[in-house]
Amino acid sequence: MPDEPTPWELHRSMEALRRSLESGFASLNARLDRVVPTDLFHAYQQSVQRQFDDHESELAALKAERDAEKTQRASDRKLIVTAVFTAFVSPLVILLIQLWLTSKGT
């Protein structure tokens, strides 16, 4: 029976298979060592979500501040227009009234 392997060939095949399995398990263990545990991953996700929430609240505060500044500028413009009107138009109206009253008196 020349087709059957000898015990020594079986032993070498089994040793080669064992070495192959050991190297496969070693590479699998090396890959598993790099895997992040689930609780650590969830903690990281919560941290990132907290950072996003903080940034969103900062953006909302900046938008509110910008809107308040726009409102303040608009009210300042109204105040300037009122001051200009009062400073230039009011004396002109008073002058016209005085001229009318003096012309009516003579």
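Quantities reported herein were computed from a predicted structural model and do not represent experimental measurements.

**Description of a negative patch on the surface**
A surface patch of negative charge is lined by Asp53, Asp54, Glu56 and Glu58. Relative to the elements of secondary structure, Glu58 occurs in helix α2 (residues 38-105).

**A few points about the pattern of salt bridges**
Applying the stated criterion across every chain, the model contains two salt bridges. The salt bridge partner of Glu15 is Arg18, with a shortest N-O separation of 2.5 Å. Highlighted residues: Glu15 and Arg18, both in helix α1 (residues 7-33), separated by three residues, approximately one helical turn. With a closest N to O distance of 2.8 Å, Arg18 and Glu22 form a salt bridge. Separated by four residues within a single helix, Arg18 and Glu22 lie in helix α1, roughly one turn from each other. Judged by relative accessible area, Arg18 falls into the partly exposed class, the value being 37%.

**Points about a positive patch on the surface**
Residues Lys63, Arg66, Lys70, Arg73 and Arg77 make up a contiguous surface patch of positive charge. Looking at where Arg66 falls in the secondary structure, it is placed in helix α2.

About the criteria used
- Here, residues in each chain are numbered from 1, in the same order as that chain's written sequence.
- The predicted nature of this model means local features are confined to residues of pLDDT at least 70 and side-chain atom pairs, given and counted, to a pLDDT of 80 or more, with totals for whole chains, interfaces and linings taken over all residues.
- Side-chain descriptors were evaluated using all non-hydrogen atoms of the structure, hydrogens and water having been removed beforehand.
- Like-charged residues are merged into a patch within 9 Å and nonpolar side chains (Val, Leu, Ile, Met, Phe, Trp, Tyr) within 5 Å, provided each residue has over 30% relative accessible area and no salt bridge.
- We get accessible surface area from the Shrake-Rupley algorithm with a probe of 1.4 Å; when it comes to residues, only the shown protein chains can shield them.
- For this document, the term salt bridge refers to a Lys or Arg side-chain nitrogen within 4 Å of an Asp or Glu carboxyl oxygen.
- In this tally, Asp and Glu contribute negative charge and Lys and Arg positive charge; neither His nor the terminal groups of the chain are included.
- All charge positions are set by atom: Lys at NZ, Arg at CZ, Asp at CG, Glu at CD.
- Each helix is a run of H or I in the DSSP string that is no shorter than four residues. Each strand is a run of E no shorter than two, and both are numbered from the N terminus.
- Partly exposed residues are those whose accessible area sits between 20% and 50% of the maximum for their type, while under 20% is buried and over 50% is exposed, using a 1.4 Å probe and protein chains only.

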